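Survey of secondary and tertiary structure
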Amino acid sequence: MTDSMPAIGMDENRLRHCRGVGMKASELGRTLFGWSDEKCRDMFVMGYLHDVGYQFAHEQSEHEELGGALLRSLGFTYWAEIFHHGNPDSTYRSEELLVLNLADMLTSKDGSATTIPARLADIASRYGVESTQYAAAQKLADVLVAQVREIGGSQDILSQLV
Ligand SMILES: [Fe+2]
């Protein structure tokens, strides 16, 4: 690498977060959509790789597109989900993107399972309620809850969201 500025990179917490998102994405594939074990394994890999762009990103806001573009170049099936994750204004829609965004919101920074209200409170404490990070997370949470209701998600899943 010849970049003069160091990239953000992936610290231990981020690695734990990625593993946790992978596990949650696999679980949600089964509980929300009834997907096969094979597809749920794919969802683990998608979640596990979703923040890989941080390794090369200099700004937090570029990690999604960087990671997505890298995985597209490698032929990864779910590159678009990674490219568009975390963006409440994205017009790209897929069931896999819903799974990824939900898994991301239901996994804390250190990889443990959480709920959306607790995740939002953590983002507020780290960045402040006036931050763009918090505003985007709040808006994304609203979009996700609406989408889960649309597909008739179970009360058990909804209880982790609101
Ligand atoms: Fe991310």
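Bear in mind the structure is a predicted one, so any value in this text is a computation, not a measurement.

**Notes on the overall build of the protein**
On a plain count of helices and strands, the protein comes out with 8 helices and 0 strands. For the protein, the sequential pattern of α-helices and β-strands runs α-α-α-α-α-α-α-α. Dimensions along the principal axes, computed over C-alpha positions, put the protein at roughly 50 × 40 × 30 Å. Per-residue burial over the protein gives 43% buried out of 162 residues. For the protein, long-range pairs separated by at least 24 residues make up 58% of all intrachain contacts whose partners lie at least 6 apart in sequence. Charged side chains of the protein number 14 positive and 23 negative; the gap between the two group centres comes to 4 Å.

**Quick notes on the pattern of salt bridges**
Oppositely charged side chains are able to pair whenever their charged atoms sit close together. Taken as a whole and judged by the stated rule, the model has 5 salt bridges. For the salt bridge of glutamate 96 with lysine 39, the shortest nitrogen-to-oxygen distance reads 2.6 Å. Of this pair, glutamate 96 sits in helix α5 (residues 95-105) while lysine 39 sits in helix α2 (residues 37-49); the two residues are 57 residues apart in sequence, bridging distant segments of the chain. With a shortest N-O distance of 2.5 Å, lysine 139 and aspartate 89 are connected by a salt bridge. On the criterion of sequence distance, the pair formed by lysine 139 in helix α7 (residues 132-150) and aspartate 89 in the loop between α4 (79-84) and α5 is long-range, its members being 50 residues apart. Note on lysine 139: relative accessible area 41%, which makes it partly exposed.

**Quick notes on the coordination of the iron ion**
As a benchmark, a tetrahedral metal site with four donors has ideal angles of 109.5 degrees, while an octahedral site with six donors has ideal angles of 90 or 180 degrees. Every protein donor of the iron ion is listed here as Asp51 (OD), His63 (NE2) and His85 (NE2), and their distances to the metal cover 2.0 to 2.2 Å. Read in sequence order, the donor residues for the iron ion give the motif D-x11-H-x21-H. Taken together, the residues aspartate 51 in the loop between α2 and α3 (63-73) and histidine 63 in helix α3 connect sequence positions 12 residues apart. Each member of the pair aspartate 51 and histidine 63 is classed as buried.

Calculation criteria
Residues numbered from 1 in each chain as written. Predicted model: local features only at pLDDT ≥ 70, side-chain atom pairs only at ≥ 80, totals over all residues. Heavy atoms only, no water. Helix = DSSP H or I, 4+ residues; strand = E, 2+ residues; numbered from the N terminus. Buried < 20%, exposed > 50% of the residue type's maximum accessible area, 1.4 Å probe, protein only. Contact = heavy atoms within 4.5 Å. Lys, Arg positive; Asp, Glu negative; His and termini not counted. Charge placed at Lys NZ, Arg CZ, Asp CG, Glu CD. Salt bridge = Lys/Arg side-chain N within 4 Å of Asp/Glu carboxyl O. Donors = N, O, S within 2.8 Å, 3.2 Å for Na, K, Ca; no water.

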